[in-house]
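Summary of the model geometry
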Amino acid sequence: MNVLITGASSGIGAGLARGFARDGHTVGICARREDLLREVLDDCVASAPDSKMWVVDLADLDGVAAFGLQADDELGGIDLLINNAGIPKRRHALNLAPDVVDQVMAVNYASPIRLTLALLPRMIERGRGRILSISSVAARFGPPREAAYSASKAALSAFMESLAVDLDGTPIKIHLVNPGIIDTPLFQLPDNETSLADLEPLPVEVMYEAIKQQLEDDEFEIYVPDWFKDIAANRYGNLGAFIEGSKDYTRERVKQMEAQ
Ligand SMILES: NC(=O)c1ccc[n+]([C@@H]2O[C@H](COP(=O)([O-])OP(=O)(O)OC[C@H]3O[C@@H](n4cnc5c(N)ncnc54)[C@H](OP(=O)(O)O)[C@@H]3O)[C@@H](O)[C@H]2O)c1
């Protein structure tokens, strides 16, 4: 299988690239930081020698479709697109400048949608293809300090839900992944406020195992870890109470962190 993974210079994307390559799949990886991408590619070619990399800024929306078609040509047809690249820009909503909201929407929503729409016609013509998007539990919960981020992930998830229905009758499969807290550099990026999450992060390797199982089972949506699914299901039964609970949690977390 040929797998294109966006945002594979670090964290989840790098872990997925190494996992798919280890299992013998040819991977195409892209991101902005060439040195880090090169390290990931060196690991991948050891078991998947035709793997390739492209240095690309996916925030440059005008170039995204052309990049997708180039990667499709150079990989010899993408069987699985993994929309993974993303940025948090974690901050209190009152500290969010409008251009930062636009930037988050561009990278987390507009860019993967453009890539998806560019590749879909070719996948349909070939009679096979899967599109898997790394969304977030933030798409379902609206966590504190993540208004722009959670909105961008909710938009991505909503698009993919409708797309899955629209693609009925085609051979294309759509998948969503909602990670909780995974141990990646996302939580140490500059230009972000400290995360208020107090969960023990899971190692990045769990993502490949979970996604491999998801693809085998042909599941539309998974949560990693799985128990987030129950929280999502219960939340919609009483959204007002959930938001009041989130306020209590946030006040407590801020107090704890100020005391540290
Ligand atoms: N870690 C978690 O707990 C968690 C939870 C839920 C969802 N997620 C999602 O998982 C995905 C991967 O995040 P991560 O945790 O692995 O964080 P990460 O280590 O910061 O990885 C983000 C990746 O996206 C790439 N990227 C960012 N902006 C880009 C741009 N403009 N053009 C091209 N590539 C770009 C980065 O590469 P360059 O900087 O080299 O371009 C990097 O490879 C994101 O969509 C994130 O929202 C993560």
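Thresholds, definitions, all that
- Residues numbered from 1 in each chain as written.
- Predicted model: local features only at pLDDT ≥ 70, side-chain atom pairs only at ≥ 80, totals over all residues.
- Heavy atoms only, no water.
- Salt bridge = Lys/Arg side-chain N within 4 Å of Asp/Glu carboxyl O.
- Helix = DSSP H or I, 4+ residues; strand = E, 2+ residues; numbered from the N terminus.
- Buried < 20%, exposed > 50% of the residue type's maximum accessible area, 1.4 Å probe, protein only.
- Near = heavy atom within 4 Å.
- Areas by Shrake-Rupley, 256 points an atom, 1.4 Å probe, with all protein chains shown as cover.
- Nonpolar A, V, L, I, M, F, W, Y, C, P; charged D, E, K, R; others polar.
- Pairing = 2+ DSSP bridges.
- Axes fitted to C-alpha atoms, helices over the stretch in contact; angles between N-to-C directions.
- Contact = heavy atoms within 4.5 Å.
- 1 Å grid on protein atoms, 1.4 Å probe; cavity = no way out; pocket = protein on both sides within 12 Å on 5 of 7 lines; lining within 4 Å.
- Points joined across faces, edges and corners; volume = space filled by probe spheres on them.
- Polar contact = N/O pair within 3.5 Å; in protein donor to acceptor, adjacent residues only side chain to side chain.
- Patch = residues over 30% accessible without salt bridge, like charges linked within 9 Å, V, L, I, M, F, W, Y side chains within 5 Å.
- Lys, Arg positive; Asp, Glu negative; His and termini not counted.
- Charge placed at Lys NZ, Arg CZ, Asp CG, Glu CD.
- Expected span 1.5 Å × (residues − 1).
- Arc of directions from axis to C-beta.
- Parallel < 35°, antiparallel > 145°, perpendicular 65-115°, else oblique.
- Left-handed = near helix turned anticlockwise from the far one by under 90°.

This structure, assessed with the given rule, holds 17 salt bridges. With a shortest N-O distance of 3.7 Å, arginine 38 and glutamate 34 are connected by a salt bridge. Of this pair, arginine 38 and glutamate 34 both sit in helix 2 (residues 34-47), 4 residues apart, roughly one helical turn. Overall, arginine 38 belongs to the partly exposed group, its relative accessible area being 40%.

Our next topic: the site of the ligand. The ligand sits among 31 residues. The nearest are Ser10, Arg32, Asn84, Tyr149 and Thr184. When the ligand sits alone it has 870 Å² of accessible area, and the protein chains cover 97% of it. Looking at the shell around the ligand, the elements that each hand over two or more residues are helix 1 (11-22) and helix 6 (147-166). When the residues that make up the shell around the ligand are grouped by side-chain class, the tally is 17 nonpolar, 10 polar and 4 charged.

An order of 3-2-1-4-5-6-7 is seen for the 7 strands of this open sheet, with the pairing classed as parallel. Both edges of this open sheet fall to strand 3 (52-55) and strand 7 (221-224), since each of them pairs with a single strand only. Going across the sheet, the axis of each strand differs from the next one's by a mean of 15°, ignoring polarity. With 3 bridges joining them, strand 1 (residues 2-6) and strand 4 (residues 80-83) adopt parallel strand pairing. In the strand pairing of strand 4, leucine 4 is matched with leucine 81. Contacts from helix 6 reach strand 4, strand 5 (130-134) and strand 6 (173-179) within the one sheet, and its direction differs from that of strand 6 by about 155°.

Quick look at empty space enclosed by the protein now. According to the stated counting rule, one finds 1 cavity of 30 Å³ or more in the structure shown. In this structure, the largest cavity occupies an estimated 30 Å³ of space. What lines the largest cavity is simply Thr6, Leu58, Asn83, Asn84, Ala85, Val107, Ser111, Pro112 and Leu115. Counting residues per element, the lining of the largest cavity draws most heavily on helix 4 (residues 98-126), at 4 residues. Partitioning the lining of the largest cavity into residue classes produces 5 nonpolar, 4 polar and no charged.

Glancing now at the side chain of serine 51. Mapping serine 51 onto the fold places it in the loop between helix 2 and strand 3. For serine 51, a relative accessible area of 7% translates into the label buried. A polar contact is formed between the side chain of serine 51 and the backbone oxygen of alanine 48, at a distance of 2.8 Å. In this structure serine 51 touches His25, Thr26, Val27, Leu41, Cys44 and Val45, once residues within four positions along its chain are discounted.

Let us now look at a negative patch on the surface. Taken together, the side chains of Glu216, Asp217, Glu219, Asp226 and Asp230 make up a negatively charged region of the molecular surface. Looking at the secondary structure, you find glutamate 219 in the loop between helix 7 (205-217) and strand 7.

As a further point, take helix 3 (residues 64-75). Compared with the 16 Å implied by 1.5 Å per residue over 12 residues, the 16 Å span of helix 3 between its first and last C-alpha is a close match. Taken together, the buried positions of helix 3 are Val64, Phe67, Gly68, Ala71, Asp72 and Leu75. Projected down its long axis, helix 3 carries its buried residues within an arc of 135°, all on one side. Of the exposed residues in helix 3, those oriented more than 90 degrees away from the buried face are Ala66 and Asp73. In this structure, the buried side of helix 3 is in contact with strand 1, strand 2 (26-31), strand 3 and helix 4. Phi turns positive, to about 80°, at glycine 76, one or two residues after helix 3.

Okay, the packing of helix 1 against helix 2 next. To characterise two packed helices, one gives the angle between the axes of the helices and the distance between these axes. Contact geometry for helix 1 and helix 2: axes closest at 8 Å, N-to-C directions at 15°. In terms of orientation, helix 1 and helix 2 fall into the roughly parallel class. The element helix 1 and its partner helix 2 pack so that their crossing is right-handed. Of the residues in helix 2, those touching helix 1 at Ala14, Ala17, Arg18, Ala21 and Arg22 are Glu39, Val40, Asp43, Cys44 and Ser47.

Where helix 4 meets helix 6, the axes come as close as 7 Å, and the angle between the chain directions of the two elements is 20°. As summarised for this structure, helix 4 and helix 6 are arranged roughly parallel, according to the angle between their axes. Between helix 4 and helix 6 the crossing geometry is right-handed. Facing helix 4, whose interface residues are Val101, Val104, Met105, Asn108, Tyr109, Pro112, Ile113, Thr116, Leu117 and Leu120, helix 6 presents Ala148, Tyr149, Ala151, Ser152, Lys153, Ala155, Leu156, Phe159, Met160 and Leu163. When its residues are assigned to classes, the contact of helix 4 with helix 6 shows 16 nonpolar, 3 polar and 1 charged.

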